[in-house]
Each structure stands twice: as structure tokens, then as C-alpha cells.
Amino acid sequence: MKDIRNLTREELKEVCTSRGVPAFHAQQIFEWLYRKRVNDFSLMPNVPLKFREYLKTDFFISEVAVLQKEISSDGTAKFLLGLQDGLAVESVLIPEKKRRTLCVSTQAGCKFGCKFCVSGLNGFKRNLSPAEICGQLLAVEKESGEKVTNIVFMGVGEPLDNFDNVMKASAIFMDNRGLEIGKRKIVLSTCGVVPGIERLAESGAGLRISISLHSADDRKRSQIMPVNKKWNTGQLMKALKKFYEKEQFAITFEYILISGFNSSEKDAEALSMYVKGVPHKLNIIPYNPSEHFKWKAPTGEELGDFVGVLKEKGVFYTLRRSRGSDISAACGQLQAKLK
Ligand code: SF4
């Protein structure tokens with residue numbers, strides 16, 4: 001049995017035509033799955049009965065379940081979601097004015113082991129399927145009653161390490177017969193998987209990307225992000241330039257400012273020089289302490305001196321506070337708490 005929610009509308013059309021059924025029924029099935037959100041082929045009356053009987057024998061309709069929910073005083077809601085094999089992943093719904101951004105997970109666990117991220121602590125379990133990635137939106141919308149407007153692939157896992165499923169999930173998110181999330185409203189966040197960035201540029205998928213940078217100094221970056229030992233900041237910048245040439249929109253850099261580690265004026269100078277390599281947006285995020293790591297939040301003075309250098313060097317930045325810091329804020333924390 002296959003999960004029908006793993007199929008894009010184009011693939012559903014192929015299923016229809018392979019059974020001698022007109023392709024327009026794919027559109028109807030897609031609408032039942034993503035607009036009316038039914039979980040039973042019997043509840044799709046405009047699909048021919050004989051074809052529905054066939055679908056029941058070859059396909060099932062998966063569902064992601066909400067296991068736990070925490071809501072922060074700033075409105076951020078974190079969901080622990082159960083998959084059909086018993087594994088759990090997390091999604092975070094971030095309200096901001098009219099925007100409702102859902103941060104989705106792409107893998108159960110993570111193999112990249114960044115030294116500030118709880119998601120990597122319990123190792124890697126498996127890739128999520130397109131159905132499990134999109135199912136997070138269906139579960140969160142059902143539970144919260146909110147309509148998600150934006151998607152960020154920034155939850156548990158490295159999206160470029162699950163490239164094909166993430167691309168398929170993006171196609172399902174964007175489909176105008178289904179969830180209708182605009183192309184420019186999907187951001188893929190990566191720790192810097194260079195071949196994946198190159199592949200994404202070649203694919204022309206039109207997703208925006210965000211880079212977890214956290215240091216422009218290779219020695220320091222390798223210390224907190226093992227991925228940097230495989231693809232260093234120079235190789236990363238080369239791939240980002242290529243990405244920009246193809247897609248023509250600014251790259252977002254995320255920089256978690258950690259007290260006494262990457263917060264010196266020298267670090268700020270290195271960062272300024274690095275980001276100028278490509279049209280960009282820069283987010284500075286003061287570290288939010290976690291019981292799992294030794295790192296500390298920057299002092300007000302450290303933060304002031306750091307951004308002072310950025311200003312002096314003519315680098316624009318946005319200061320972001322971690323959302324939902326009074327709940328299990330960072331990805332993986334809710335899961336870690338449950339263990
Ligand atoms: S920051 Fe991303 S890539 Fe790094 S361990 Fe966490 S989930 Fe994995």
C-alpha cells in the first residue's frame with residue numbers, strides 16, 4: 001500500500017491515466033485531500049466508484065497526529081506531532097501580524113550534530129516523506145484553526161539532506177488546487193550542504209534560502225557546525241553566488257550570537273566581509289540558553305559592540321529575538337523534554 005499524500009497532482013494524473021480514468025479526476029482527488037481534507041476515499045463522490053475501489057486497494061491516506069502543544073506568551077505555538085510508525089517530529093507556528101509561518105521538520109532527528117541544536121542530540125532516525133512534511137501543516141491547521149501563509153523548512157533535520165522529498169513537499173504546498181502557499185513564501189534553511197544548494201539552484205524550484213552561518217571563521221564554524229569540515233565557508237559562498245545568479249533573490253544569513261564565542265569585534269568584521277560576497281539579508285539572533293549546552297547569551301554590551309561594527313562596515317541587519325523562549329523554544333526541545 002502506498003500513501004496517496006506522497007503524490008503531487010501531476011503524479012496523481014499519471015495514476016488516473018494508467019487506469020484509463022480521465023486526468024481531471026486527479027484534480028478532484030487533490031482537492032478532497034487538501035481543501036476538504038477528507039481521509040477516506042468513500043467520501044469523494046465525484047470520483048468514479050470503480051476507481052475509488054481501486055484506490056482503496058493500492059493506496060492509503062496518511063494522517064499526522066498532534067501529541068502535544070505548548071503556547072508561548074508571544075503567541076508562538078509548538079506542536080509535537082506523531083507519525084504512523086510511532087516516531088515524533090515538531091512544528092512551530094509563528095504568528096506575526098497577518099502572517100502565519102509554519103516551521104516544519106524534514107527528518108526525524110538529524111545527522112549534522114550542530115553544537116547548539118537539540119535536534120541532533122539523539123541522532124538521525126529517518127527522512128520524512130512528502131506526506132509527513134505536508135501533513136504537519138494539515139495537523140497544525142486542524143488543531144489551531146489558523147490558516148498557514150508561509151512555510152520555513154527550518155524544523156528538525158537538514159532539508160537538503162532529504163532533497164527529493166522536500167522538493168515534492170514544496171510542489172504539494174504550492175499547488176493552486178490544494179494548499180496554495182505562494183512560491184516566494186517558502187524558505188529553505190540549510191546548515192550549508194553545498195551540493196544541495198547547487199542542486200536547488202539547478203532545479204529552478206524558486207524557493208528562497210537561508211543559511212545557518214553562525215561564524216565566518218572556518219576554525220570557529222567547524223567547532224560548532226561539523227558540516228563546515230566538509231564544505232567550508234569559501235565553498236559555501238561559491239555555491240551561494242551560483243544560487244543568486246540563477247534565482248536572483250537575496251540570501252538570508254542567520255547568525256546566533258553566543259557570548260564569548262562568536263561575539264567579538266573581530267568576529268563582526270569577518271562576518272561583514274563574508275556577507276558582502278552576495279546580495280543578502282542578515283539576521284542577528286542573541287543565543288537563547290538551553291540546559292543541553294554550555295553556551296551563554298551575549299551581554300547587552302557584547303551585542304552593542306558587535307552590531308556597532310556591522311553598522312560601521314555598512315552592513316544592514318535585523319536583530320531577532322528567539323520566538324517562544326518561554327516554551328521549549330528551539331527545535332528538538334519539546335521532543336527532548338518528552339523523553
Ligand atoms: S541546526 Fe539543523 S542541521 Fe544543525 S543539527 Fe540542528 S537540525 Fe541539524
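Located above this text is the structure these notes cover.
Worth saying up front: this structure is predicted, and the values here are computed from it rather than measured.

Focus: a negative patch on the surface
Here's step 1: Residues Glu265, Glu269, Glu301, Asp305 and Glu312 make up a contiguous surface patch of negative charge.
Here's step 2: Here the element with the most residues in the negative patch is helix H11 (residues 300-312); it accounts for 3 residues.
Here's step 3: Topologically, Glu265 is positioned in helix H10 (residues 265-275).
Here's step 4: We classify Glu265 as partly exposed; its relative accessible area is 45%.

Focus: the side chain of Asn283
Here's step 1: By the element assignment, Asn283 lies in strand E13 (residues 280-286).
Here's step 2: Contact partners of Asn283, with chain neighbours within four places excluded, come to Thr252, Phe253, Glu254, Tyr255, Thr318 and Arg320.

As for the pairing of strand E10 (residues 186-190)
Here's step 1: The buried fraction of E10 is high, at 5 of 5 residues.
Here's step 2: Alternating residues of E10 divide into Ile186, Leu188 and Thr190 and Val187 and Ser189, and every residue in both groups is buried.
Here's step 3: Of the strand pairs in this sheet, strand E9 (residues 150-153) and E10 are connected by 3 bridges, and their pairing is parallel. The partner of Phe153 across the bridge, within E10, is Leu188.
Here's step 4: On the question of chirality, the crossover connecting E9 to the parallel E10 by way of helix H5 (residues 163-174) is right-handed.

So, the sheet that holds strand E11 (residues 208-212)
Here's step 1: An order of E3-E4-E5-E6-E9-E10-E11-E12-E13-E14 is seen for the 10 strands of this open sheet, with the pairing classed as mixed. With one partner strand each, in any of the chains shown, strand E3 (65-71) and strand E14 (318-319) form the two edges of the open sheet.
Here's step 2: With 4 bridges joining them, E10 and E11 adopt parallel strand pairing. By the bridge assignment for E11, Leu188 is matched with Ile209.
Here's step 3: Against the sheet, helix H4 (residues 130-144) engages E3, strand E4 (77-82), strand E5 (88-96), strand E6 (99-104) and E9, with an angle of about 55° to E5.
Here's step 4: In the packing of H11 onto the sheet, contacts are made with strand E12 (251-257), E13 and E14, and the angle to E13 comes to roughly 170°.

What to know about the layout of surface pockets
Here's step 1: Estimated volume of the second largest pocket: approximately 220 Å³.
Here's step 2: Lining the second largest pocket are 15 residues, and of these Asn39, Glu63, Leu138, Ala139 and Lys142 lie nearest its centre.
Here's step 3: Contributing elements (two or more residues each) for the lining of the second largest pocket: E3 and H4.
Here's step 4: Here the lining of the second largest pocket takes 7 residues from H4, the largest share from any one element.
Here's step 5: When grouped by side-chain class, the residues that make up the lining of the second largest pocket number 6 nonpolar, 3 polar and 6 charged.

So, how was this worked out
Residues numbered from 1 in each chain as written. Predicted model: local features only at pLDDT ≥ 70, side-chain atom pairs only at ≥ 80, totals over all residues. Heavy atoms only, no water. Patch = residues over 30% accessible without salt bridge, like charges linked within 9 Å, V, L, I, M, F, W, Y side chains within 5 Å. Areas by Shrake-Rupley, 256 points an atom, 1.4 Å probe, with all protein chains shown as cover. Salt bridge = Lys/Arg side-chain N within 4 Å of Asp/Glu carboxyl O. Lys, Arg positive; Asp, Glu negative; His and termini not counted. Charge placed at Lys NZ, Arg CZ, Asp CG, Glu CD. Helix = DSSP H or I, 4+ residues; strand = E, 2+ residues; numbered from the N terminus. Buried < 20%, exposed > 50% of the residue type's maximum accessible area, 1.4 Å probe, protein only. Contact = heavy atoms within 4.5 Å. Pairing = 2+ DSSP bridges. Right-handed = clockwise from strand over helix to strand, strands pointing away. Axes fitted to C-alpha atoms, helices over the stretch in contact; angles between N-to-C directions. 1 Å grid on protein atoms, 1.4 Å probe; cavity = no way out; pocket = protein on both sides within 12 Å on 5 of 7 lines; lining within 4 Å. Points joined across faces, edges and corners; volume = space filled by probe spheres on them. Nonpolar A, V, L, I, M, F, W, Y, C, P; charged D, E, K, R; others polar.

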